[in-house]
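Residue strings, one per chain:
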Amino acid sequence: MNFLRGVMGGQSAGPQHTEAETIQKLCDRVASSTLLDDRRNAVRALKSLSKKYRLEVGIQAMEHLIHVLQTDRSDSEIIGYALDTLYNIISNDEEEEVEENSTRQSEDLGSQFTEIFIKQPENVTLLLSLLEEFDFHVRWPGVKLLTSLLKQLGPQVQQIILVSPMGVSRLMDLLADSREVIRNDGVLLLQALTRSNGAIQKIVAFENAFERLLDIITEEGNSDGGIVVEDCLILLQNLLKNNNSNQNFFKEGSYIQRMKPWFHVGDENSGWSAQKVTNLHVMLQLVRVLVSPTNPPGATSSCQKAMFQCGLLQQLCTILMATGVPADILTETINTVSEVIRGYQVNQDYFASVNAPSNPPRPAIVVLLMSMVNERQPFVLRCAVLYCFQCFLYKNQKGQGEIVSTLLPSTIDATGNSVSAGQLLCGGLFSTDSLSNWCAAVALAHALQENATQKEQLLRVQLATSIGNPPVSLLQQCTNILSQGSKIQTRVGLLMLLCTWLSNCPIAVTHFLHNSANVPFLTGQIAENLGEEEQLVQGLCALLLGISIYFNDNSLESYMKEKLKQLIEKRIGKENFIEKLGFISKHELYSRASQKPQPNFPSPEYMIFDHEFTKLVKELEGVITKAIYKSSEEDKKEEEVKKTLEQHDSIVTHYKNMIREQDLQLEELKQQISTLKCQNEQLQTAVTQQVSQIQQHKDQYNLLKVQLGKDNQHQGSYSDGTQVNGVQPEEVGRLREEIEELKSNQELLQSQLAEKDSLIENLKSSQASPGANEQSSATASARDSEQIAELKQELATLKSQLNSQSVEITRLQTEKQELLRKTETFAKSAPAPGEGEAGTAAKTTDVEGRLSALLQETKELKSEIKALSEERSAIKEQLDASNSTIAILQNEKNKLEMDVTDSKKEQDDLLVLLADQDQKIFSLKNKLKELGHPVEEEDELESGDQDDEEDEDEDDGKDQGPI
């Protein structure tokens, strides 16, 4: 305030003194008048004076105007006058010219008044609340005033708005205003608000700013729109530049796809107005913001992918090859395409396939290179083409190989109808234009960057220098031009190419040293005391000689490492050599080139260093210095260490591959286990169904046995016979022995199954921890393989034993059938003299039919059990392959127990049935005797023997049932 009073006091008296009094009276009216009309008229008068008497009105009226904003909000007219007056005081836009002696004093009036206004943060908050008013006379001057405050003291006002509740959201509503003037000024306000403030940029972006701005750009006609489109694009730049969060939000919101219509330029050549050129220029810069090399690599690659998928890259290439495009748009399009394809293989491959609309069609790369080596083209265009070529080859070994292959003898077009990229580079490398020499050398160096294969391939290139002379290699021709003393720019370009070519390529070093003139030339250049202009060439020669030492494989006896070091010490001196080597990084243009990949130079004479070459210098300067001072013994030790490290790396690689293979095998086994588990569950369901069916058959079988028992109660007592349907006691004893043997075999199998269960549990516990290191993993794998093999062998033994049990059961079934047949034969041979005998025969026939039915059911059960056994065997084989034999062995054990139990039950039931039949037959014989029918003695003897046998059975335990 004192400053302002001093400025006011320094002005001359006279009319201004009268105006000061008028302003004072108006301020008094604003402060003291009780009528709203009087205050409104006073504020209107202050507004009319504020432009011409800015200082006086600002000093005396600002406090009163702020008070009006606070107290008279109900009257939009007086609020509008107050805002306009404050805008005239603070803004410098319409400041009239004043005399030179007072210009400096008035320049800071805007910032001074802004500082007074924002000294109370409540004033800015008040202004934000007024922006919510829809009345045009309040909202529009409020927008202009806040914009002016941001222009004067942006960071301070930004901080106040940032901490104000809903401050940014209120300003975002301006973009939705239907009145274009407010909407357009709202865009300008947001431009000033978002400048260099990442926090506000994020808030604005998440308040749906991208959607609204892109809608405005589309409504205004995209690139054909007016200055409003430009303002929206600049605001988008503010939101996206150096803001990774907003860039990611822009990409994920699919807003990149909405950028494609911007670049539909049409076929007409007359539609390039100045505003359209400006709009397209900013649009291209906005694309570059998203794919800038300074962004995080992951974010850049994802944006590059999206630009290819939505067709944006294809649209840019269309502009690139179109005719009638203004030079500055063409240049910026080339730079944009460069960064869209840089380091992203898919986009690089697409760019390699683009052809120019010529007859015959030529690749876009060839067309661009023709412009680069043409000295008539604008300098900025040639720089853009070089950058595009560098980005095409960046981390693109496929593209590098294609470029180098165009120089090889087998791929050169013999007809000469078309020119290749390699031929253009060679033509530029050896032309009379030094800028073409430099650009071609740098472009060719990028074709060799970090690609040892192409460095070796380029050694095969032969050049025909003149008619009648033998061809010389490209490497030799480069050194020949160096020795001819050409321009500094040409020599620097060739030296950068040679340094890139020879680094990390011992074969190229050998070829270079094979020419006996190269080393003397380099030492002569380094040893001379030349002017400052030649110091850079000396430094590059020192770097080239250092590379020849560091990457030397000692294959040439005359130019081994130690001999070259001795030569440097004698001819140059180690200290002098290191000093000359340091000239490179100390050059004033070195740091400029190392900042950004794009070759952006104000004029051709500044084109000295390439960005990638500065990285190479930084990498090699230290190691070459160490190599110069190392002794031969240290070199030998270093080589031994390198060999040891290589061996160690090979061992580590071997183990890594082994671990990788084991991981793959483990994943396959896990997949097999999951598949087999599913199959096992399905088969378990089928087995459950079969078991239920078997149980039903058993129930039917037991029911028939009960019915047979009831029938036996009505028969006579023939239990004293000595023969059971023709079966001798010896056969029954033998059957019992076989049943006992089956029981012992079952117990043996159960013990073996228990051992296998414990072994499987051990295997599971060992597989639960898949190994802490490679050696333990390999040992466990071998041990598991041996145990699995043993399990397979033992399972085969169990299967053979099961098969033998099945054969035995089959034999017993056959003997049972034989017994039934004998019973049937005897029944047929017995006479039937009376009705009782006929009824007995009928009952016997009924029993025989039931026995036949039971036999048939038994056969069906056996076939079903056999089918289940085959299915379970298949499951066993699959689970053995995946080390999961637990469930299968358990099923086998249950199967054996079931078969043995069923066999025992069937034998017991058979013996019971045979005993019943014998009782019936014996009863029939007694009846025959009572009736007086003669019975043969042989039958009686057999009956007596049978009776003795029955007595023995009763003494042994009476296990044949009731007699």
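Thresholds applied
- Residues numbered from 1 in each chain as written.
- Predicted model: local features only at pLDDT ≥ 70, side-chain atom pairs only at ≥ 80, totals over all residues.
- Heavy atoms only, no water.
- Helix = DSSP H or I, 4+ residues; strand = E, 2+ residues; numbered from the N terminus.
- Buried < 20%, exposed > 50% of the residue type's maximum accessible area, 1.4 Å probe, protein only.
- Contact = heavy atoms within 4.5 Å.
- pLDDT = per-residue confidence, 0-100.
- Salt bridge = Lys/Arg side-chain N within 4 Å of Asp/Glu carboxyl O.
- Polar contact = N/O pair within 3.5 Å; in protein donor to acceptor, adjacent residues only side chain to side chain.
- Axes fitted to C-alpha atoms, helices over the stretch in contact; angles between N-to-C directions.
- Parallel < 35°, antiparallel > 145°, perpendicular 65-115°, else oblique.

**Some points on the side chain of Gln538**
Summarising the element assignment, Gln538 is placed in helix H32 (residues 532-550). For Gln538, a relative accessible area of 1% translates into the label buried. When sequence neighbours within four positions are dropped, the list of residues in contact with Gln538 reads Gln525, Ile526, Glu528, Asn529, Leu530, Lys580 and Phe583.

**Overview of the confidence of the model for the protein**
Of the residues in the protein, 74% reach a pLDDT of 70 or more, and the chain-wide mean stands at 81. For residues 1-16, every residue scores under 50 in pLDDT, and the model assigns this stretch 23 contacts once sequence neighbours within four places are set aside. Below pLDDT 50 for its whole length, residues 95-104 participates in five contacts with residues either more than four positions away or in separate chains.

**Observations concerning the side chain of Asp72**
Here Asp72 shows up in the loop between helix H4 (54-71) and helix H5 (76-90). Ignoring sequence-local partners within four residues, the contact set of Asp72 consists of Leu36, Arg39, Ile78 and Ile79.

**Examining the environment of Gln595**
Structurally, Gln595 can be placed in the loop between helix H36 (588-593) and helix H37 (611-629). With a relative accessible area of 61%, Gln595 lands in the exposed category.

**Overview of the pattern of salt bridges**
For the coordinates displayed, the defined rule picks out 21 salt bridges. We note a salt bridge from Glu219 to Arg183, for which the minimum N-O separation is 3.8 Å. Of this pair, Glu219 sits in helix H14 (residues 209-219) while Arg183 sits in helix H12 (residues 180-194), and the two are 36 residues apart along the sequence. Residue class for Glu219 comes out exposed when judged on its relative accessible area of 60%. One salt bridge in this structure joins Glu534 and Arg491, with 2.9 Å as the shortest N-O distance. Taken together, the residues Glu534 in helix H32 and Arg491 in helix H29 (residues 488-502) connect sequence positions 43 residues apart. The network of salt bridges with shared partners includes Asp37, Arg40, Arg44, Asp75 and Glu77.

**Observations concerning the environment of Leu708**
Counting through the fold element by element, Leu708 comes out in helix H38 (residues 632-713). Judged by its relative accessible area of 3%, Leu708 is buried. When the C-alpha atoms of Leu708 and Leu913 are compared, they prove to be 8.5 Å apart, with 205 residues separating the residues in sequence.

**Focus: the environment of Arg288**
When you line up the elements, Arg288 lands in helix H17 (residues 274-290). For Arg288, a relative accessible area of 14% translates into the label buried. Along the sequence, Arg288 and Asn335 sit 47 residues apart, while their C-alpha atoms lie 8.2 Å from each other. Not counting residues up to four positions away in its chain, the partners in contact with Arg288 are Glu332, Asn335, Thr336, Glu339, Tyr387 and Gln598. At 3.0 Å, the side chain of Arg288 forms a polar contact with the side chain of Glu332.

**A look at the packing of helix H23 (residues 379-393) against helix H24 (residues 397-405)**
At a closest axis distance of 7 Å, the pairing of H23 and H24 adopts a crossing angle of 120°. Classified by the angle their axes make, H23 and H24 are oblique. Of the residues in H24, those in contact with Phe389, Phe392 and Leu393 of H23 are Gly399, Gln400 and Ile403.

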